[in-house]
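# Breakdown of the fold
Listed below are the residues making up each chain.
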Amino acid sequence: MKDYKVETLIFYTKITLDPDHIAKKSQEDIQNKLDEYSKNGYHLVTTNSTNFGLAIYVYLFFEKDA
């Protein structure tokens, strides 16, 4: 049997001269979530993302043996 978790991270665009500001911020936050879940025995299965308005939604899907 598997135990599944879904984590949603939301990143908002902002007015800046740095076109990579979302990539830089999201990388740090996503790595923190990966570290957090791996400490609890989960591993990343897949990811997905979508945008709506000025936000980008990143979905991380984790699983572990129950």
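Parameters and conventions
Counting restarts for each chain: residues are numbered from 1 in the order of the written sequence. The model is predicted, so local features are restricted to residues of pLDDT at least 70 and side-chain atom pairs to those at 80 or more, both for listing and for counting; the totals for chains, interfaces and linings are taken over all residues. Excluding hydrogens and water, the side-chain values take into account all heavy atoms of the structure. Being paired, for any two strands, means DSSP has found at least two bridges between them. Strands here are runs of E lasting at least two residues and helices are runs of H or I lasting at least four, both read from the DSSP assignment and numbered beginning at the N terminus. Note on contacts: a residue pair qualifies if any of its non-hydrogen atoms lie within 4.5 Å across the two residues. We define the nonpolar core as a collection of buried residues of types Ala, Val, Leu, Ile, Met, Phe, Trp, Tyr and Cys that are connected through side-chain atoms lying within 4.5 Å of one another. Each residue is placed in one exposure class: buried if its accessible area under a 1.4 Å probe, protein chains only, is under 20% of its type's maximum, exposed if it is over 50%, and partly exposed if it falls in between. Lines fitted to C-alpha atoms define the axes, with helix axes restricted to the stretch in contact, and inter-axis angles between N-to-C directions lie between 0 and 180 degrees.

### So, the pairing of strand β2 (residues 43-52)
As paired elements, β2 and strand β3 (residues 55-65) share 9 bridges and run antiparallel to each other. When the sheet's bridge partners are listed, Thr 46 is paired in β3 with Phe 61. Linking two consecutive strands that pair antiparallel, namely β2 and β3, is a turn of 2 residues; a positive phi of about 65° is found at Gly 53 within it.

### Some thoughts on the environment of Leu 34
In this structure, Leu 34 sits in helix α1 (residues 21-39). Discounting residues that sit within four places of it in the chain, Leu 34 has contacts with Leu 44 and Phe 62.

### Quick notes on the nonpolar core
If you look at the biggest cluster of nonpolar residues, it comprises 8 residues: Leu 9, Phe 11, Ile 22, Tyr 37, Tyr 42, Val 58, Leu 60 and Phe 62. When contributions to this core are tallied by element, the ones reaching two or more residues are β1 (2-12), α1 and β3. If you tally residues by element for this core, the top one is β3, at 3 residues. Apart from residues no more than four positions distant in its own chain, Tyr 42 is found in contact with Asp 3, Lys 5, Tyr 37, Phe 62, Glu 63 and Lys 64.

### Observations regarding the sheet that holds β2
Pairing is antiparallel in the open sheet, where 3 strands are placed in the order β1-β3-β2. Whereas interior strands pair on both sides, the edge strands pair on one side only; in this sheet they are β1 and β2. Taken pair by pair, the neighbouring strands of this sheet meet at an average axis angle of 15°, ignoring direction. Lying over the sheet, α1 contacts β1, β2 and β3, oriented at roughly 155° with respect to β1.

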